[in-house]
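# Structure at a glance
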Amino acid sequence: MSRRGSMTIPHEADFSDFRKQCLSTEGWYSKYEKNGMEVWVEMPSLTSTKGEKNNIQKVHKIKCRMAINDVSAAAMYDVLHDGQYRKSWDPTMLESFDIARVSANADVGYYSWICPKPLKNRDVVTLRSWQVNGDEYLIVNCSVKHPNYPPRKDMVRAISILTGYMVKATGPNSCIFTYLSQADPKGSLPKWVVNRASQILAPRVMKCLHQAGQSYPEWKRQNSPDCKPWLYPEQNSLPYMNPSDLVIQRGDSLENVDESSLLDIQANETAEDSS
């Protein structure tokens, strides 16, 4: 998806690779399976840089799969795209909007969300691409640098290395819903904390999306039912942007915001309150 740092729109090979990761079990470690929800992690190898004695653990990749028996694949796909509807079901969202389109099936967007105190809130700018093949729906995104949306002083810029969804119909009103992500919230959170938190938060996101899917058809009937620019590109009114004007966002190029003092303060306050 990148060439010499600049972005290119994902091609069939990129979608095929994402699909393969969603379906594969080789190299993935099962964390649990309960109530139709399966969670796996792919732990990356420990890497080290020249001159370092200790290896450094990176954020791992997590995959969640849910069997949904009361929402169609098409409805779940619409939920993932519909920014207006997200305002009604996403309790952590601060701000979300589309910035520009780079092709008929790709756009650039901004999203910010609330983090538990005392951490700073996070935001991200991503290039999102999608593909529909019959009864299968794919969405993938990764972080990019946009000249008009640099990191903000009041937030920590997070990184989506690769995040996406695969929705596969299993019937007229049922589907297999897969979420795969490798993301770094940045700041000074230890990677083991990030990895552990993702195993807890990702299934919660899946369940929240499932509930959103249950209510979406009725909501959409009352809110511009024929407007779906993710399916009908001619409805898209976003300005065009050349993907070569975007640059892939690397985590090491962002300021390392130190939040450890905030965590220490909270820990001390908690200890005082319990004494």
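Residues numbered from 1 in each chain as written. Predicted model: local features only at pLDDT ≥ 70, side-chain atom pairs only at ≥ 80, totals over all residues. Heavy atoms only, no water.

Counting its regular elements, the chain contains five helices and 13 strands. Each of the 275 residues in the chain was classed as buried or not, and the buried ones make up 44%. Put simply, of all contacts in the chain between residues at least 6 apart along the chain, 65% involve residues at least 24 apart. Entry remark: accessible area of the chain is about 15100 Å², with carbon and sulfur atoms responsible for 51%. (Helix = DSSP H or I, 4+ residues; strand = E, 2+ residues; numbered from the N terminus. Buried < 20%, exposed > 50% of the residue type's maximum accessible area, 1.4 Å probe, protein only. Contact = heavy atoms within 4.5 Å. Areas by Shrake-Rupley, 256 points an atom, 1.4 Å probe, with all protein chains shown as cover.)

The next subject is helix 2 (residues 73-81). The buried fraction of helix 2 is high, at eight of nine residues. Within helix 2, the full set of buried residues consists of Ala73, Ala75, Met76, Tyr77, Asp78, Val79, Leu80 and His81.

Turning to the environment of Ser96, a few remarks are in order. Mapping Ser96 onto the fold places it in strand 6 (residues 93-103). Spatially, the C-alpha atom of Ser96 lies 9.4 Å from that of Asp123, the residues being 27 residues apart in sequence. Every residue in contact with Ser96, bar those within four places of it in the chain, is listed here: Tyr110 and Tyr111.

Moving on, we come to unusual backbone geometry. You will see that Asn35, though not glycine, has its phi angle at about 50°, which is positive. The topology assignment puts Asn35 in the loop between strand 3 (29-34) and strand 4 (37-42).

This next bit is on the packing of helix 2 against helix 4 (residues 191-221). A pair of packed helices is characterised by two quantities: the angle between their axes and the separation of those axes. The interhelical angle for the contact between helix 2 and helix 4, taken along N-to-C directions, is 110°, at an axis separation of 9 Å. Classed by the angle they form, the pair helix 2 and helix 4 counts as roughly perpendicular. Counting all contacts with helix 2, which are made through Ala75, Met76, Asp78, Val79 and Leu80, the residues of helix 4 involved are Leu209, His210, Ala212, Gly213 and Tyr216. (Axes fitted to C-alpha atoms, helices over the stretch in contact; angles between N-to-C directions. Parallel < 35°, antiparallel > 145°, perpendicular 65-115°, else oblique.)

On a regular strand, one side chain projects to one face of the sheet and the next to the other, so that they alternate. For strand 8 (residues 122-133), the tally of buried residues reaches 10 of 12 residues, placing the bulk of the element in the interior. As judged from the eight bridges shared by strand 7 (residues 106-113) and strand 8, these two strands associate in the antiparallel manner. Its bridge partner lying in strand 8, Ser112 is registered against Asp123. Where strand 8 meets strand 9 (residues 136-145), eight bridges bridge the pair, whose relative direction is antiparallel. When the bridges of strand 9 are listed, Ser129 appears paired with Val140. Counted along the chain from strand 8 to the antiparallel partner strand 9, the turn is two residues long, and its residue Gly134 has a positive phi close to 60°. (Pairing = 2+ DSSP bridges.)

As a further point, take the packing of aromatic side chains. For any pair of aromatic rings, the description rests on two quantities: the centre-to-centre distance and the angle between the ring planes. In the structure shown here, the tally under the stated rule is 10 aromatic pairs. Relative to Phe177, the ring of Tyr165 has its centre 5.7 Å away and its plane inclined at 5°; by these criteria the two rings are stacked. One end of the pair, Tyr165, is in strand 11 (residues 159-171); the other, Phe177, is in strand 12 (residues 174-184), and 12 residues separate them in sequence. By way of ring pairs, the aromatic residues Tyr85, Tyr216 and Trp219 are connected into one cluster. The positively charged end of Lys63 is found above the aromatic ring belonging to Trp40, 5.2 Å away from the centroid. (Phe/Tyr/Trp six-rings, centres within 6.5 Å; stacked < 30°, edge-to-face > 60°. Lys NZ or Arg CZ within 6 Å of the ring centre and 35° of its normal.)

Before going further, it helps to spend a moment on the side chain of Arg122. Looking at the secondary structure, you find Arg122 in strand 8. A residue is classified by how much of its surface remains accessible, and Arg122, at 1% relative accessible area, is buried. Looking at Arg122, its side chain comes within polar contact range of the main-chain oxygen of Pro185, at 2.8 Å. (Polar contact = N/O pair within 3.5 Å; in protein donor to acceptor, adjacent residues only side chain to side chain.)

Sheet topology note: the strand 3/strand 4 ladder contains five bridges and is antiparallel. Directly across from Tyr32, in strand 4, lies its bridge partner Val39. Counting the residues in the hairpin turn of strand 3 and strand 4 gives two residues, including Asn35, whose phi is positive at 50°. In the sheet, strand 4 pairs with strand 5 (residues 61-68) via six bridges, with the strands oriented antiparallel. Each residue of the ladder has a partner; that of Val39, found in strand 5, is Cys64.

Following the criterion strictly, the structure yields 12 salt bridges and no others. Here Arg128 ties to Asp98 by a salt bridge, and the two come within 3.7 Å at their closest N and O atoms. A residue pair is termed long-range when its members are at least 10 positions apart, and Arg128 in strand 8 and Asp98 in strand 6 qualify at 30 residues. Residue Arg128 is classed as buried on the basis of its relative accessible area, which comes to 15%. Asp154 is paired through a salt bridge with Arg152; the nearest N and O atoms lie 2.9 Å apart. Look at the salt bridges and you will find they share partners, linking Glu95, Arg152 and Asp154 into a network. (Salt bridge = Lys/Arg side-chain N within 4 Å of Asp/Glu carboxyl O.)

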